[in-house]
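# Architecture and fold: a report
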Amino acid sequence: MKLIHCADLHFDSKLNANLSQESAKERRAELLDTFVRMVAYAKENAVEAILIAGDLFDTKITLATARNTVLHEITRHPDISFYYLRGNHDQGVVLWGGEGQPDNLKTFSSQWQTYYLDNANIAISGIEFPAADAASVYGELDLDYNKFNIVILHGQEAFGSAKDKTEIINLKALQNQGIDYLALGHVHTYKEAALDSRGIYCYPGCLEGRGFDECGEHGFVLLDVDTESGHFTREFVPFARRLLYLVEVDVTGCLTSAQMAERAEEALMDAGCAETDFIKLVFTGKVDVACEKDLSYFTARFSNCYYYVKVCDETILDINEGDYQLDCSLKGEFVRQVMADSTIRQEDKKTIIRYGLQAIAGEEVQ
């Protein structure tokens, strides 16, 4: 039997940290479409159940388009069961209206709920952690050791308890309880590890990256369970429409924007970035204080090559005071005056000198 484990889709995220209002709207539609594509994948590959381990939505106040699209995909695929456990972001969300909950949508509450799959030796259990006394729920879990047990939870892993933090999942308390696969949500990168001698725990990560703290491949986990033997395989399936890359470029020794752009091109090629991706270029290293560096030039140059480009300058200005000691020009006098001013911090002196040299050279001050 095949199942999909996904989590942290975060529909209706604002996405305004990097994107314009129009681009954010487009990206929100793309995230929703990835869910539609995943359900189509499930249909094409004879997947019988989709486990959604929390944060399907970003807030309990969601647009009708997102709710209706999800509900439409569930109702038009009655041969696929959807097990939806709400996370900390979508507490209070109700997918269905007055027509009632679809038969193939299975939900959870603040009490343990177990679903037994027909004609399969599989049990799927889950609980949405209550606001208080979360530690007590572990002792209330009662599993049949003769079945293949999947447990769905949403929260941050820990091998211990944490007072007043209901989002913490105490893995130690879940050991030796007969769990074969602990399907988790909340962590936005893929991770799996042993839970105990019998089972494993797994975070599939988010289905699509939304910011540069979510770089790399994103997708879901495909489980294939032998219902007779209880053995299973799992595979991470990369599925995101777009990837996000944070590419650091060491521009030490570069004196012009053209030289820096050449190094950026090499770094982007090495990273394997595609034209559909989000790119964050971070320039690092030491550059001469007189280096000609125009950040807007890089944005314009690479924006035509990628879906989105952001440029950050983390270079360190390098200035040798001795080079200007005997310089009789206005530039030399300016540098000496700034360096001799004891009221200015050393790092600020480099920035002031850079701005001054740009102005003296007739360049745009950046």
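Read on for an overview of the structure. (Residues numbered from 1 in each chain as written. Predicted model: local features only at pLDDT ≥ 70, side-chain atom pairs only at ≥ 80, totals over all residues. Heavy atoms only, no water.)

### As for the side chain of Q177
Within the secondary structure, Q177 sits in the loop between α3 (171–174) and β10 (181–185). Given a relative accessible area of 15%, Q177 falls into the buried group. From its side chain, Q177 meets the backbone oxygen of Y138 in a polar contact 3.3 Å long. (Helix = DSSP H or I, 4+ residues; strand = E, 2+ residues; numbered from the N terminus. Buried < 20%, exposed > 50% of the residue type's maximum accessible area, 1.4 Å probe, protein only. Polar contact = N/O pair within 3.5 Å; in protein donor to acceptor, adjacent residues only side chain to side chain.)

### Re the sheet that holds strand β15 (residues 244–250)
Read from one edge to the other, the open sheet built from three strands follows the order β15-β16-β18, with strand pairing classed as parallel. Two strands lie at the open edges of the sheet, namely β15 and β18 (308–313), each paired on one side alone. Sheet twist, expressed as the mean angle between neighbouring strand axes with direction ignored, is 20 degrees. Bridge analysis of strand β16 (residues 278–284) against β18 gives six bridges, and the strand direction is parallel. Directly across from V282, in β18, lies its bridge partner C312. Docked against the sheet, helix α4 (residues 257–271) engages β15 and β16, running at close to 135 degrees with respect to β15. Packed onto the sheet, helix α5 (residues 295–303) meets β16 and β18 and runs at close to 155 degrees relative to β18. (Pairing = 2+ DSSP bridges. Axes fitted to C-alpha atoms, helices over the stretch in contact; angles between N-to-C directions. Contact = heavy atoms within 4.5 Å.)

### What to know about the packing of α4 against α5
Axis angle and axis distance: for two packed helices, these are the angle between their axes and the distance between the axes, and together they describe the pair. Between α4 and α5, the least distance of the axes is 11 Å, while the angle of their chain directions is 40 degrees. The orientation of α4 relative to α5 falls into the category oblique. You can see that α4 and α5 cross each other, and the crossing is right-handed. Contact residues: α4 offers S257, M260, A261, A264, E265 and L268, while α5 offers Y297, F298, R301 and F302. Tallied by class, residues from the contact of α4 with α5 come to seven nonpolar, one polar and two charged. (Parallel < 35°, antiparallel > 145°, perpendicular 65-115°, else oblique. Left-handed = near helix turned anticlockwise from the far one by under 90°. Nonpolar A, V, L, I, M, F, W, Y, C, P; charged D, E, K, R; others polar.)

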